Amino acid sequence: MNRFFLAVALALSAVVLTYIYRAIKGPTVFDRVVGLNSIGTKAIIMLVLVGLMYQRVDMFVDICLGYAVLNLVSALAVTKYLERSAARK
Amino acid sequence: MIAGQAVTALSIVLILVGVFFHFASAIGILRMPDFYTRCHAAGVMDTLGALLILGGIVLYIGWQLVVVKIVLIFVFLSIVNPTVCHALQRAALRSGLKPWPERRGGAE
């Protein structure tokens, strides 16, 4: 069963590669923010899977909660900055 | 014993469908012509993929205190993702990023 979770985590990391590509190539800066925000969401899911593999889910779930909040705050902060700097231009 | 195996089988199916939705969002974010459609694709399918995978994990774990936290994660994610998507698209619209059909040049 552990191998199945490992396979799912690897599949998700393959998906993360496409987001990294979008974050690097993204024509507008907003594409980059979308890519990074989606990578954060994927990281949360992968963390829970890794927690399952180590049979210590409660510790990893707490990490995921903290990271989800961090992901929200950083995405909104960048968006607010982009909105403000665009208005000044 | 049969019920136990059925629940595990169901959790495997849920996790696989979740991974499928994550792949769909990867295709969406690559193929979509414009920022707005990409942000919509990524934001929507991320949340659904997260729901299915976390649901599969909850089924596999059975009833523990951790399940409450995992459900909390999912509720938080389902609130966060649309919010960030909306904030991003509003900021993009305010900064003058034209949606796809209006730019005759099409994809960059």
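See above for the structure.
Before going into details, it helps to say that this report is about the structure given with it. (Residues numbered from 1 in each chain as written. Chains lettered and ligands numbered in written order. Predicted model: local features only at pLDDT ≥ 70, side-chain atom pairs only at ≥ 80, totals over all residues. Heavy atoms only, no water.)

## Details of the nonpolar core
Going by this rule: The definition of a nonpolar core used throughout is a set of buried Ala, Val, Leu, Ile, Met, Phe, Trp, Tyr and Cys residues joined through side-chain atoms within 4.5 Å. Exposure categories follow from relative accessible area, calculated using a 1.4 Å probe and restricted to protein chains: below 20% of the type maximum is buried, above 50% is exposed, and the middle band is partly exposed. Only DSSP runs of H or I with at least four residues qualify as helices, and only runs of E with at least two residues qualify as strands; both kinds are numbered from the N terminus onward. Contacts are assigned to residue pairs that have any heavy atoms within 4.5 Å of one another.
If you look at the biggest cluster of nonpolar residues, it comprises 52 residues, and the most contacted ones within it are F30(A), F35(B), I57(B), I70(B), I73(B) and L88(B). The set of elements that each furnish at least two residues to this core consists of α1 (2-25), α2 (29-53) and α3 (57-88) of chain A together with α1 (2-31), α2 (35-61) and α3 (65-94) of chain B. If sequence neighbours within four positions are ignored, L88(B) has contacts with F30(A), V33(A), V34(A), T79(A), F35(B) and C39(B).

## Digging into unusual backbone geometry
Phi is mostly negative for residues that are not glycine, and the peptide bonds are mostly trans. Positive phi, close to 55°, is recorded for Q55(A), a residue that is not glycine. Its place among the elements puts Q55(A) in the loop between α2 and α3.

## Considerations on the packing of aromatic side chains
Aromatic rings considered in pairs are described by the distance between their centres and by the relative angle of their planes. Residue and element names in this part refer to chain A. The condition that has to hold: Aromatic rings from Phe, Tyr and Trp, with only the six-membered ring used for Trp, were paired whenever their centres fell within 6.5 Å, and each pair was classed as stacked if the ring planes differed by under 30 degrees, edge-to-face if by over 60, and tilted otherwise.
Per the stated rule, a full pass over the model turns up 6 aromatic pairs over all chains. Between the aromatic rings of F4 and F5, the centroid separation amounts to 5.8 Å while the plane-to-plane angle is 50°, which identifies the pairing as tilted. With respect to class, F4 is no different from F5; both count as buried.

## Regarding a nonpolar patch on the surface
All names here are of chain A. We count it as follows: Candidates for patches are residues over 30% relative accessible area with no salt bridge; among them, like charges are joined within 9 Å and nonpolar side chains (Val, Leu, Ile, Met, Phe, Trp, Tyr) within 5 Å. Per-residue accessibility takes into account occlusion by the displayed protein chains alone, with areas from the Shrake-Rupley method and a 1.4 Å probe. Each reported salt bridge corresponds to a side-chain nitrogen of Lys or Arg within 4 Å of a carboxyl oxygen of Asp or Glu.
Together, L17, I20 and I24 make up an exposed nonpolar region whose accessible area comes to about 300 Å². In this structure, I24 sits in helix α1. For I24, a relative accessible area of 63% corresponds to the exposed category.

## Some words on the interface of chain A and chain B
How we decide: Take the accessible area each of two parts loses on contact, using a 1.4 Å probe, and add the two losses: that sum is the buried area. Between N or O atoms, a polar contact is any pair within 3.5 Å; within protein, one atom must be a potential hydrogen donor and the other a potential acceptor, and residues adjacent in sequence are included only when both atoms are from side chains. Residue classes follow a fixed rule: Ala, Val, Leu, Ile, Met, Phe, Trp, Tyr, Cys and Pro count as nonpolar, while Asp, Glu, Lys and Arg count as charged, and any other residue, Gly among them, counts as polar.
Facing the 41 residues of chain A at the interface are 41 residues of chain B. Taking both partners together, chain A and chain B bury about 3700 Å²; carbon and sulfur atoms supply 81% of that area. Of all residues in chain A, F30(A), I45(A) and E83(A) give up the largest surface area on contact with chain B, accounting jointly for 15% of the area buried on that side. At the junction of chain A with chain B, the criterion picks out 5 salt bridges. Residue K69(B) is joined to D62(A) by a salt bridge in which the shortest nitrogen-to-oxygen separation is 3.0 Å. At the junction of chain A with chain B, the criterion picks out 9 residue pairs in polar contact (both at pLDDT 80 or more). Residue assignment for the side of chain A that touches chain B shows that the elements contributing at least two residues are α1, α2 and α3 of chain A. Of all the elements, α3(A) adds the most residues to the side of chain A that touches chain B, at 15 residues. In terms of residue class, the side of chain A that touches chain B is built from 28 nonpolar, 6 polar and 7 charged.

So far we have only geometry, and geometry alone does not tell us how the molecule works.
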